[in-house]
Amino acid sequence: MPSLDANSSGEGYSMSASTVSEAFDLEKYLSSGVENIVKNLVKSSVFHPRESLFMAQYAMAGKKATALRRAAEERGEHIPPFLIASITSLCNLHCAGCYARSLETCVDGEPVEQMSAEDWGSVFAQARDMGVGFILLAGGEPMVRRDVIEKAAQFPEILFPVFTNGTMLTGDYLELFDRHRNLVPILSIEGGQQKTDERRGVGIYKRVQDAMARMREKRIAFGASVTVTSENLEEVVSREFVDTMGEDGCKAIIYVEFVPTNENLKALALDDEGREELSERLKALRQEDDSMLLISFPGDEKTSGGCLAAGRGFFHINSHGGAEPCPFSPYSDVNVKDHSLKEVLDSKLFRSLREEGILMEEHDGGCVLYQRRDQVEALL
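All figures in this text were calculated on a predicted structure; none of them were measured in a lab.

Considering the environment of Ile 317
Phase 1: Along the chain, Ile 317 falls in strand β8 (residues 316-317).
Phase 2: Overall, Ile 317 belongs to the buried group, its relative accessible area being 0%.
Phase 3: Each C-alpha atom, one on Ile 317 and one on Pro 330, is 9.4 Å from the other, the two residues being 13 residues apart in sequence.
Phase 4: If sequence neighbours within four positions are ignored, Ile 317 has contacts with Leu 83, Ile 84, Ala 85, Ser 86, Trp 120, Val 123, Gly 322, Val 336 and Leu 341.

Next comes the structure, spelled out in structure tokens:
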């Protein structure tokens, strides 16, 4: 299997002409984009020694992580550059169409058998030693697990985007993010006030805007996550929206295609025309201005040579320690409490998904593994 290191173009994987007009190297874009953001922050933080020192140290750590992955590749081991960690199944919101609640991986009551902060610390240490450079902290709402986020702060070699609804970004949390710049809040937003409040609840848009203002005041780098639907597509890929987010201090926007979990929600999912528009608009926005990182899932995965789940580019660990191909495919045959990350990457399920071609199959958009869940279940 070809490497997905930063110099890989994804060649060797079959992609239909209808899926991609030209190859897009997602990891190279991410790596160069983060490097560009770091450089800009270093320039703007010349009078802020602590921030400038972290940026310089992280740049060095990123090069070391890339070298570790390349060395592993030469030994015949593929180490993905990313890891998604859902550190809790608890959430304080009930967003319309939430896939996690539909799959019952998100709850209101007190979660049981959740990984401890020490368990997560072991995962983070193994990931660092393998060359994993990014660990996305998700949930539920990850900020209900301050103990885990504080543990992540102890690993400055790793960048931890924290995908949060933004409702808890006050007081002590702002101080934590200010002290530890490897923790990067990624706030969920659905466009303007109307679309955000419709999906996330009345008043949530203002709370997110207030959180952004507080972070901008403290010069804390942050990004945004947008769930793209047929209803908000035009708004969230507009130049006006991106410029407004940039003015608010946002350094990156992650666009995630809505995944319908029942027939009633299918109308919200992007069709072929919508996915093409998303791809073309992001391509144009990137060409117009490279100061902000703009990423699309799974669109950028498909144009990078197919789904990157199951260890091709990343994998997912749920709040109980189960290693899963991705958050939209909650199936596991191994647990990180009992197995090392290297053993997880070589699990039967992950190997089967990588070798039997399911990750490369054509699909209707959204998540290929969710749409092919019968095939995934059969591999178990």
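Observations regarding the environment of Leu 268
Phase 1: Its place among the elements puts Leu 268 in the loop between β6 (250-257) and α11 (272-288).
Phase 2: Judged by relative accessible area, which is 22%, Leu 268 ranks as partly exposed.
Phase 3: In this structure, the C-alpha to C-alpha distance between Leu 268 and Phe 258, residues 10 residues apart in sequence, is 7.1 Å.
Phase 4: Beyond its immediate chain neighbours, meaning those up to four positions away, Leu 268 contacts Thr 229, Ser 230, Glu 231 and Phe 258.

With respect to the nonpolar core
Phase 1: By size, the foremost hydrophobic cluster in this structure holds 106 residues, and its most contacted members are Phe 124, Ile 135, Leu 137, Ile 253 and Tyr 255.
Phase 2: In contact with Ile 135, not counting residues within four places along its chain, are Leu 83, Ala 85, Phe 124, Ala 127, Ile 158, Leu 159, Phe 160 and Pro 161.

As for unusual backbone geometry
Phase 1: Of note, the bond from Gly 139 into Gly 140 is cis; its omega dihedral lies within 30 degrees of zero at 10 degrees.
Phase 2: The phi torsion at Arg 219 lies on the positive side, around 60 degrees, for a residue other than glycine.
Phase 3: Looking at the element boundaries, Arg 219 is found in the loop between α8 (204-218) and β5 (222-228).
Phase 4: For Arg 219, a relative accessible area of 31% corresponds to the partly exposed category.
Phase 5: Phi at Ala 310 takes a positive value of approximately 60 degrees, unusual for a residue other than glycine.
Phase 6: In this fold, Ala 310 is placed in the loop between α12 (299-302) and β8.

Observations regarding the pattern of salt bridges
Phase 1: Under the definition given, this model contains 16 salt bridges.
Phase 2: For Arg 101, the salt bridge identified is with Asp 108, shortest N-O distance 3.1 Å.
Phase 3: Here Asp 272 ties to Arg 275 by a salt bridge, and the two come within 2.3 Å at their closest N and O atoms. With Asp 272 and Arg 275 both in helix α11 and 3 residues apart, this pair spans about one turn of that helix.
Phase 4: In this structure Asp 272 comes out as exposed when scored by relative accessible area, which is 59%.
Phase 5: The buried category is assigned to Arg 275, whose relative accessible area is 13%.
Phase 6: Through salt bridges with shared partners, one network takes in Arg 75, Glu 77 and Lys 342.

Quick look at helix α10 (residues 239-247)
Phase 1: Within α10, burial applies to Phe 241, Val 242 and Met 245. The arc enclosing the buried residues of α10, seen along the axis, measures out at 95 degrees, which places them on a common side. Turned more than 90 degrees away from the buried face of α10 sit Glu 240 and Glu 247, all of them exposed.
Phase 2: In this fold, the buried residues of α10 make contact with α8, β5, α9 (233-236), β6 and α11.
Phase 3: Positive backbone phi, at 105 degrees, marks Gly 249, one or two positions downstream of α10.

Let's talk about helix α14 (residues 348-355)
Phase 1: Looking at α14, one finds that the buried residues are Leu 349, Phe 350, Ser 352, Leu 353 and Arg 354.
Phase 2: Downstream of α14 by a residue or two, Gly 357 has a phi angle that is positive, lying close to 85 degrees.

Here's the deal with the packing of aromatic side chains
Phase 1: Applying the stated criterion across every chain yields a total of 6 aromatic pairs.
Phase 2: Relative to Phe 134, the ring of Phe 82 has its centre 5.2 Å away and its plane inclined at 45 degrees; by these criteria the two rings are tilted. Of this pair, Phe 82 sits in strand β1 (residues 82-86) while Phe 134 is found in strand β2 (residues 134-138), placing the two residues 52 residues apart along the sequence. We note that Phe 82, like Phe 134, is buried.
Phase 3: Aromatic side chains Trp 120 and Phe 124 sit 6.2 Å apart centroid to centroid with 25 degrees between the ring planes, which places their arrangement in the stacked category. With Trp 120 and Phe 124 both in helix α4 (residues 117-130), this residue pair falls 4 residues apart, about one helical turn. Across the pair, Phe 124 and Trp 120 agree in class, each one buried.

Overview of the pairing of β5
Phase 1: Of all 7 residues making up β5, 7 are buried, and the element is well covered by its neighbours.
Phase 2: Across the two faces of β5 the burial is the same, with Phe 222, Ala 224, Val 226 and Val 228 and Gly 223, Ser 225 and Thr 227 all buried.
Phase 3: With 3 bridges connecting them, strand β4 (residues 183-188) and β5 associate as parallel partners. Each residue of the ladder has a partner; that of Leu 187, found in β5, is Ala 224.
Phase 4: Pairing of β5 with β6 involves 6 bridges; the strand directions are parallel. Residue pairing across strands places Phe 222 opposite Cys 250, the latter belonging to β6.

Rules of the game
Residues numbered from 1 in each chain as written. Predicted model: local features only at pLDDT ≥ 70, side-chain atom pairs only at ≥ 80, totals over all residues. Heavy atoms only, no water. Helix = DSSP H or I, 4+ residues; strand = E, 2+ residues; numbered from the N terminus. Buried < 20%, exposed > 50% of the residue type's maximum accessible area, 1.4 Å probe, protein only. Contact = heavy atoms within 4.5 Å. Core = buried A, V, L, I, M, F, W, Y, C linked by side-chain atoms within 4.5 Å. Salt bridge = Lys/Arg side-chain N within 4 Å of Asp/Glu carboxyl O. Arc of directions from axis to C-beta. Phe/Tyr/Trp six-rings, centres within 6.5 Å; stacked < 30°, edge-to-face > 60°. Pairing = 2+ DSSP bridges.

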